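# Results of the structural survey
Okay, here's what each chain looks like letter by letter:
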Amino acid sequence: MSATANPVIRLEDDRFRVTEWQFAPGAKTGWHVHGHDYVVVPLTGGTLGLEHKDGSEVKVPLTPGIPYSRRCGVEHDVANAGSEYLAFLEVEVIDDALARRRTETLKRLGAGFNARDVDAIMECVSDNCAFHSAAGPDVEGTRYVGRAAVRAAYEALFVTYVESHYAESNAYVTGDTGLSTWRFIGKERDGKVVDVRGVDVFTFDGDLVSLKDSYRKARS
Ligand code: NI
């Protein structure tokens, strides 16, 4: 059995994890799947032996300070294929995982609205949530603050619109802000149909939505 490479975490915050991998000759990391995009910065020269699941093996020469990048999802076992000590820094971008979870939250939120399921919607929002509706007396439309008020506003929406559907929707996340674009098609109690495009601007608290700020076209 060959030696195992030694990982030393040099930095870890909410955006990056930097691990120094130290390899004796012949040492291996063991099989792993990369969960994040990453950059490798060699600290020494040498040769890496990369073994892949399809059985292929690649030898990669390392030059100190000359980096390369890979996307998440790479699966391999990495060995020091040279005869000297070898080390590199692995810089992982870890806030892409948060952005992915937040994008999933927006998709679940959209699915909740289309299912007209207020419980499902409220599972996507934080305890300190707020909703600013498109229309109302305030600069922000109408401001609903706190879970009870937000829940009541969403329930009222489904009373106003006996049928409702958000079509052609897309969701984007950058930092603590999210954006969804959609086409709202709703039928009011008296049969009047509303069909307008709009956007929601979201603020996140952790994985959950703390503010949904809605804007939609006013048709004339
Ligand atoms: Ni790797």
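Scroll up to find the structure this text is about.
Scope of this entry: the structure provided in the associated data block. It should be emphasised that the depicted structure is a prediction, and the values quoted were computed from it without experimental measurement.

## Topic: the overall build of the protein
Along the backbone of the protein there are three helices and 15 strands. Taken over the C-alpha trace, the protein has a radius of gyration of 25 Å; the compact-globule value for 220 residues is 17 Å, which it surpasses by more than 25%. The buried share of the protein, taken over its 220 residues, is 37%. Partitioning the intrachain contacts of the protein with sequence separation of at least 6 by distance along the chain shows that 58% fall at a separation of at least 24. When the accessible surface of the protein is split by element, carbon and sulfur atoms take 53% of a total near 12,200 Å². A distance of 6 Å separates the average location of the 26 positive side-chain charges in the protein from that of its 33 negative side-chain charges.

## A few points about the side chain of His-36
Within the fold, His-36 resides in the loop between β3 (32-33) and β4 (38-42). With sequence-adjacent residues up to four places away left out, His-36 is seen in contact with Arg-17, Arg-71, Cys-72, Glu-92, Val-93, Ile-94, Asp-96 and Ala-97.

## Observations regarding the pairing of strand β2 (residues 16-23)
Across six bridges, strand β1 (residues 6-12) lies against β2 in antiparallel orientation. Paired with Val-8 across the bridge in β2 is Glu-20. With antiparallel pairing between neighbouring strands as the criterion, β1 and β2 make up a hairpin whose turn holds three residues.

## Examining the coordination of the nickel ion
Tetrahedral metal sites with four donors have an ideal angle of 109.5 degrees; octahedral sites with six donors have ideal angles of 90 or 180 degrees. The coordination sphere of the nickel ion, as far as protein atoms go, consists of His-32 (NE2), His-34 (NE2) and His-76 (NE2), spread over 2.0 to 2.1 Å. One chain supplies every donor for the nickel ion, spaced along it as H-x1-H-x41-H.

## Points about the pattern of salt bridges
Inspection of the entire model under this criterion finds 17 salt bridges. The residue Asp-176 makes a salt bridge to Arg-102 at a minimum N-O spacing of 2.9 Å. One end of the pair, Asp-176, is in the loop between β12 (161-174) and β13 (177-188); the other, Arg-102, is in helix α1 (residues 95-115), and 74 residues separate them in sequence. The salt bridge involving Glu-168 is made with Arg-197; its shortest N-O contact spans 2.6 Å.

## Describing the sheet that holds strand β8 (residues 75-80)
Spatially, four strands are ordered β3-β8-β5-β6 in an open sheet, and the strand pairing comes out antiparallel. Of all the strands in the sheet, the pair left with one neighbour each is β3 and β6 (57-62). Where strand β5 (residues 46-52) meets β6, six bridges bridge the pair, whose relative direction is antiparallel. Looking across to β6, one finds that Leu-50 is bridged to Val-58.

## Quick notes on the sheet that holds strand β14 (residues 193-205)
Adjacent strands of a sheet form backbone hydrogen bonds with each other and so pair up, either parallel or antiparallel. One open sheet accounts for six strands, arranged β11-β10-β15-β14-β13-β12; its pairing is mixed. Unpaired on one side and paired on the other, β11 (141-145) and β12 mark the two borders of the sheet. Recorded for the sheet is a direction-independent mean angle of 20° between the axes of neighbouring strands. Sheet topology note: the strand β10 (residues 125-138)/strand β15 (residues 208-216) ladder contains four bridges and is parallel. Directly across from His-132, in β15, lies its bridge partner Asp-213. Contacting β12, β13, β14 and β15, α1 runs over the sheet at an angle of about 170° to β12.

## Digging into unusual backbone geometry
Located in the positive-phi region is Arg-116, a residue other than glycine, with phi close to 55°. Within the secondary structure layout, Arg-116 lies in the loop between α1 and α2 (118-122). Judged by relative accessible area, Arg-116 falls into the partly exposed class, the value being 27%.

## So, the layout of surface pockets
Approximately 350 Å³ is the volume found for the largest pocket. Forming the walls of the largest pocket are 18 residues, and the residues nearest its centre are Phe-131, Ser-133, Ala-134, Leu-157 and Arg-216. Breaking the lining of the largest pocket down by element, the ones donating at least two residues are β10, α3 (147-160), β12, β13 and β15. Per-class residue counts for the lining of the largest pocket are 13 nonpolar, two polar and three charged.

## A few points about α3
With 14 residues, α3 should reach 20 Å at 1.5 Å per residue; the first-to-last C-alpha distance of 20 Å fits that figure. Buried residues in α3 make contact with α1, α2, β10, β11, β12 and β15.

Each value, and the rule that gives it
Residues numbered from 1 in each chain as written. Predicted model: local features only at pLDDT ≥ 70, side-chain atom pairs only at ≥ 80, totals over all residues. Heavy atoms only, no water. Helix = DSSP H or I, 4+ residues; strand = E, 2+ residues; numbered from the N terminus. Rg over C-alpha atoms; globule rule 2.2 N^0.38 Å. Buried < 20%, exposed > 50% of the residue type's maximum accessible area, 1.4 Å probe, protein only. Contact = heavy atoms within 4.5 Å. Areas by Shrake-Rupley, 256 points an atom, 1.4 Å probe, with all protein chains shown as cover. Lys, Arg positive; Asp, Glu negative; His and termini not counted. Charge placed at Lys NZ, Arg CZ, Asp CG, Glu CD. Pairing = 2+ DSSP bridges. Donors = N, O, S within 2.8 Å, 3.2 Å for Na, K, Ca; no water. Salt bridge = Lys/Arg side-chain N within 4 Å of Asp/Glu carboxyl O. Axes fitted to C-alpha atoms, helices over the stretch in contact; angles between N-to-C directions. 1 Å grid on protein atoms, 1.4 Å probe; cavity = no way out; pocket = protein on both sides within 12 Å on 5 of 7 lines; lining within 4 Å. Points joined across faces, edges and corners; volume = space filled by probe spheres on them. Nonpolar A, V, L, I, M, F, W, Y, C, P; charged D, E, K, R; others polar. Expected span 1.5 Å × (residues − 1).

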